Amino acid sequence: MPTVSVKRDLLFQALGRNYSECRAGSWLCVSRGGRGTSEKEIISKEQGNEKAEGASDVVLYKIDVPANRYDLLCLEGLVRGLQVFKERIKAPVYKRVTPNGEIQKLIITEETAKIRPYAVAAVLRNIKFTKDRYDSFIELQEKLHQNICRKRALVAIGTHDLDTLSGPFTYTAKRPSDIKFKPLNKTKEYTACELMNIYKTDNHLKHYLHIIENKPLYPVIYDSNGVVLSMPPVINGNHSKITVNTRNVFIECTGTDFTKAKIVLDVIVTMFSEYCENQFMVEAAEVVFPNGKSYTFPELAYRKEIVRADLINKKVGIRETPENIAKLLTRMYLKSEVIGDGNQIEIEIPPTRADIIHACDIVEDAAIAYGYNNIQMTLPKTYTIANQFPLNKLTELLRQDMAAAGFTEALTFALCSQEDIADKLGLDISATKAVHISNPKTAEFQVARTTLLPGLLKTIAANRKMPLPLKLFEISDIVVKDSSRDVGARNYRHLCAVYYNKNPGFEIIHGLLDRIMQLLNVPPGEKKGGYVIKASEGSAFFPGRCAEILARGQSIGKLGVLHPDVITKFELTMPCSSLEINIEPFL
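Residues numbered from 1 in each chain as written. Predicted model: local features only at pLDDT ≥ 70, side-chain atom pairs only at ≥ 80, totals over all residues. Heavy atoms only, no water.

A. Examining the overall build of the protein chain more closely. Within the protein chain, the regular secondary structure consists of 17 helices and 28 strands. The globule rule puts the C-alpha radius of gyration for 587 residues at 25 Å, and the 32 Å found for the protein chain is more than 25% above it. Counting all 587 residues of the protein chain, 46% fall into the buried class. Here the analysis covers contacts within the protein chain between residues at least 6 apart in sequence; of these, 68% occur between residues at least 24 apart. Averaged over its 76 positive side-chain charges, the protein chain has a centre that lies 2 Å from the centre of its 68 negative ones. (Helix = DSSP H or I, 4+ residues; strand = E, 2+ residues; numbered from the N terminus. Rg over C-alpha atoms; globule rule 2.2 N^0.38 Å. Buried < 20%, exposed > 50% of the residue type's maximum accessible area, 1.4 Å probe, protein only. Contact = heavy atoms within 4.5 Å. Lys, Arg positive; Asp, Glu negative; His and termini not counted. Charge placed at Lys NZ, Arg CZ, Asp CG, Glu CD.)

B. Region of the structure containing the pairing of strand β14 (residues 249-255). Here β14 lies mainly inside the structure; 7 of its 7 residues are buried. By the alternation rule, side chains of β14 split into Val249, Ile251, Cys253 and Gly255 and Phe250, Glu252 and Thr254, which are all buried. Here strand β6 (residues 118-124) pairs with β14 via 7 bridges, running antiparallel. Looking across to β14, one finds that Ala119 is bridged to Thr254. As defined by bridge partners, strand β7 (residues 155-161) adjoins β14 across 7 bridges and the pair is classed as antiparallel. (Pairing = 2+ DSSP bridges.)

C. Representation of the nonpolar core within the structure. If you look at the biggest cluster of nonpolar residues, it comprises 66 residues, and the most contacted ones within it are Leu124, Leu144, Ile251, Val264 and Phe272. Here the element with the most residues in this core is helix α9 (residues 258-272); it accounts for 9 residues. Ignoring sequence-local partners within four residues, the contact set of Leu124 consists of Phe137, Arg247, Asn248, Val249, Ile251, Val269, Phe272, Ser273, Cys276 and Val282. (Core = buried A, V, L, I, M, F, W, Y, C linked by side-chain atoms within 4.5 Å.)

D. Representation of the pairing of strand β16 (residues 294-297). Taken together, the 4 bridges between strand β15 (residues 281-288) and β16 define a ladder with antiparallel strand orientation. Paired with Glu286 across the two strands is Thr296, which belongs to β16.

E. Fine view of the sheet that holds strand β24 (residues 489-500). Here 7 strands make up an open sheet; going across it, the order is β20-β23-β24-β28-β27-β26-β25 and the pairing mixed. Taken across any chain shown, the strands that pair with only one partner, and hence form the sheet edges, are β20 (408-409) and β25 (531-535). As paired strands, β25 and strand β26 (residues 541-551) are joined by 5 bridges and run antiparallel to one another. Directly across from Ile533, in β26, lies its bridge partner Ile549. On the sheet, helix α15 (residues 453-461) packs against β23 (470-481), β24, β27 (554-562) and β28 (576-582) and is oriented at approximately 35° with respect to β24. (Axes fitted to C-alpha atoms, helices over the stretch in contact; angles between N-to-C directions.)

F. Summary view of helix α6 (residues 75-85). Of all 11 residues in α6, 10 are buried, a share of seventy percent or more. Taken together, the buried positions of α6 are Leu75, Glu76, Gly77, Leu78, Val79, Arg80, Gly81, Leu82, Gln83 and Val84. Within two residues after α6, Glu87 carries a phi angle of roughly 60°, on the positive side.

G. Quick peek at helix α1 (residues 8-15). Of the residues making up α1, those classed as buried are Arg8, Leu11, Phe12 and Leu15. The buried residues of α1 occupy an angular sector of 95° when projected down its axis, which confines them to one face. Exposed positions of α1 whose direction lies more than 90 degrees from the buried face are Asp9 and Gln13. Downstream of α1 by a residue or two, Gly16 has a phi angle that is positive, lying close to 75°. (Arc of directions from axis to C-beta.)

H. Quick look at the packing of aromatic side chains. Tallied over the full model, the rule gives 12 aromatic pairs. Where Tyr94 meets Phe280, the ring centres are 5.7 Å apart and the plane angle is 85°; that geometry is what we call edge-to-face. Within this pair, whereas Tyr94 is found in the loop between α6 and β4 (95-97), its partner Phe280 is found in the loop between α9 and β15, the two being separated by 186 residues in sequence. In this structure Tyr94 comes out as buried when scored by relative accessible area, which is 3%. Judged by centre distance (5.0 Å) and plane angle (80°), the rings of Phe137 and Phe272 are edge-to-face. Taken as a pair, Phe137 in helix α7 (residues 131-146) and Phe272 in helix α9 lie far apart in primary sequence, 135 residues in all. (Phe/Tyr/Trp six-rings, centres within 6.5 Å; stacked < 30°, edge-to-face > 60°.)

I. Quick look at the environment of Thr432. Within the secondary structure, Thr432 sits in the loop between α14 (418-421) and β22 (447-448). For Thr432, a relative accessible area of 9% corresponds to the buried category. Taking the C-alpha atoms as reference points, Thr432 and Ile347, 85 residues apart in sequence, are found 55 Å from one another. Discounting residues that sit within four places of it in the chain, Thr432 has contacts with Ile421, Leu427, Thr450 and Val480. Polar contacts involving the side chain of Thr432 include one to the main-chain carbonyl oxygen of Ile429, which spans 2.6 Å. (Polar contact = N/O pair within 3.5 Å; in protein donor to acceptor, adjacent residues only side chain to side chain.)

J. Up close: the sheet that holds strand β17 (residues 303-308). One open sheet accounts for 3 strands, arranged β17-β19-β18; its pairing is antiparallel. At either margin of the open sheet sits one strand with a lone partner, and together these are β17 and β18 (335-339). Across the sheet, the mean angle from the axis of one strand to that of its neighbour is 25°, orientation sign disregarded. Bridging between β17 and strand β19 (residues 344-349) involves 6 bridges; their strand directions are antiparallel.

K. The arrangement of the environment of Val288 in detail. Among the structural elements, Val288 can be located in strand β15. Setting aside chain neighbours within four positions, we find Val288 in contact with Lys105, Leu106, Ile107, Ile108, Lys293 and Ser294.

L. Spatial organisation of the packing of α1 against α6. At their nearest, the axes of α1 and α6 sit 10 Å apart, and the two run at 40° to each other. Here α1 is positioned oblique relative to α6, judged by the angle of their axes. As for the relative orientation of α1 and α6, their crossing is right-handed in sense. Counted together, Leu10, Leu11, Ala14 and Leu15 of α1 and Leu75, Val79, Leu82 and Gln83 of α6 form the full contact between these two elements. (Parallel < 35°, antiparallel > 145°, perpendicular 65-115°, else oblique. Left-handed = near helix turned anticlockwise from the far one by under 90°.)

M. The arrangement of the pattern of salt bridges in detail. According to the stated counting rule, one finds 25 salt bridges in the structure shown. Two residues, Asp71 and Arg69, come together in a salt bridge whose shortest N-O distance is 2.8 Å. Classification of Asp71 as buried rests on a relative accessible area of 4%. We classify Arg69 as buried; its relative accessible area is 9%. Between Arg80 and Glu274 there is a salt bridge, with the nearest N and O atoms lying 2.7 Å from each other. Here Arg80, found in helix α6, pairs with Glu274, found in the loop between α9 and β15; they are 194 residues apart in sequence, far enough to count as distant. (Salt bridge = Lys/Arg side-chain N within 4 Å of Asp/Glu carboxyl O.)

Okay, here's the thing in structure tokens:
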């Protein structure tokens, strides 16, 4: 959940309320998870009074906002939303206007197709910045980058002083050695290759380099004079840097997700068009794609949805008239009115509310406006008795008794490498029936595990310095291919235990098996659904030291002393015994 920091005095000034009237802003901060403190107080509390000397005494409110409410990520959006919620103002109408002269144009070339193929743009004309407005403008971009933009991987935002540039603009991709410009806040020109090396030590920008650094071509935006606006998603050019004195702002958003790029552009222009000479009016920009098609942005699209009032009452658990529900939704920035038979509500979704996708989102907003604490608690009309899932109940009972037997529980990854479940255990990967990940991000997570043993052995390897013996267990799911299932795979709940010491300790593992069967009320012997162990062979086990476990007429697993080759491949140096069984037959 994103946290927005706003200055208390600026907030109250924008709301038209002072500190004493708001009584520390409790009506705002308590309801939205906010808390007021100063930078000095934070440093003093965390690092001591000496470190806090010279820090700012300005009181900040840190307000938690929902992750999908991009319109609340800045002071402007918060104030506007609160004023509408308190019914002090009506929600503004955002309009896209065409300039009297030539429209600004952004041309996308086909070279960008394999890197960042999409771009959108708009202009904020005759905007008036102050220091606080400028800071909020920059901070909103950073919040969006960390949130919907997924750290610039999906969308990167560039803002430029239009008066220093000359359109039309070209969005293309070039070899790193062919890109040379003066980056933001630098005094000399660098090639793209040089910049990538410089920014590897930059605490802020180094996190974005991986997005393009291994690409043969880097994206770049030029104006008609060849001036570099930006090299997305890394850095803007210093030539078009915006300042407090900037009057006309050209905004471009490039990315790999076209829908999110449009949402990001809409959020920025709707939040800060408030400071334009013509409030809430945004100058359009034309974007020409490689196929020759031309689009105008920002979209600033309004759409309408119709939801029945009785549906909202039923889902929320309230009894409100359609008129009252329409009023609640209007307070949530969703202009609503009752239409038709008097039970239907027509809701207008503004461009700031990209989070409204389905009728359930409208129902949720009605519940928020009504107040969750105001919804009366009632017993459900259906009579049901909850019960724990039998397999989970058995798992919990076994966990407790395994711990009582002196074994420590481990929780390992469900994904592993092919080497872990095949090569290291002396098996061929095709014989494991493993489910493969189609696009693994790392060699450590290539397949779903088919056995719990590798995870426990890796855990022991990471804790070799602990006092011996090491006795670990895990009860979790393994996954194998199963063509009879609709998803092509099936989970089995396994119990695995490992004993690691200077001697193999086979008798310890065997004794543990006997204890488990005693707990499961399975007697020894083949009669009356009992269990037996029979000599067997396994690639992971020492020859002659492996046994198959048969219970209730079926094979449920194996136990034995691990082969020295297996122990060595897992970087262990001492003997090890293991037990692994399927516990599902005992339900």
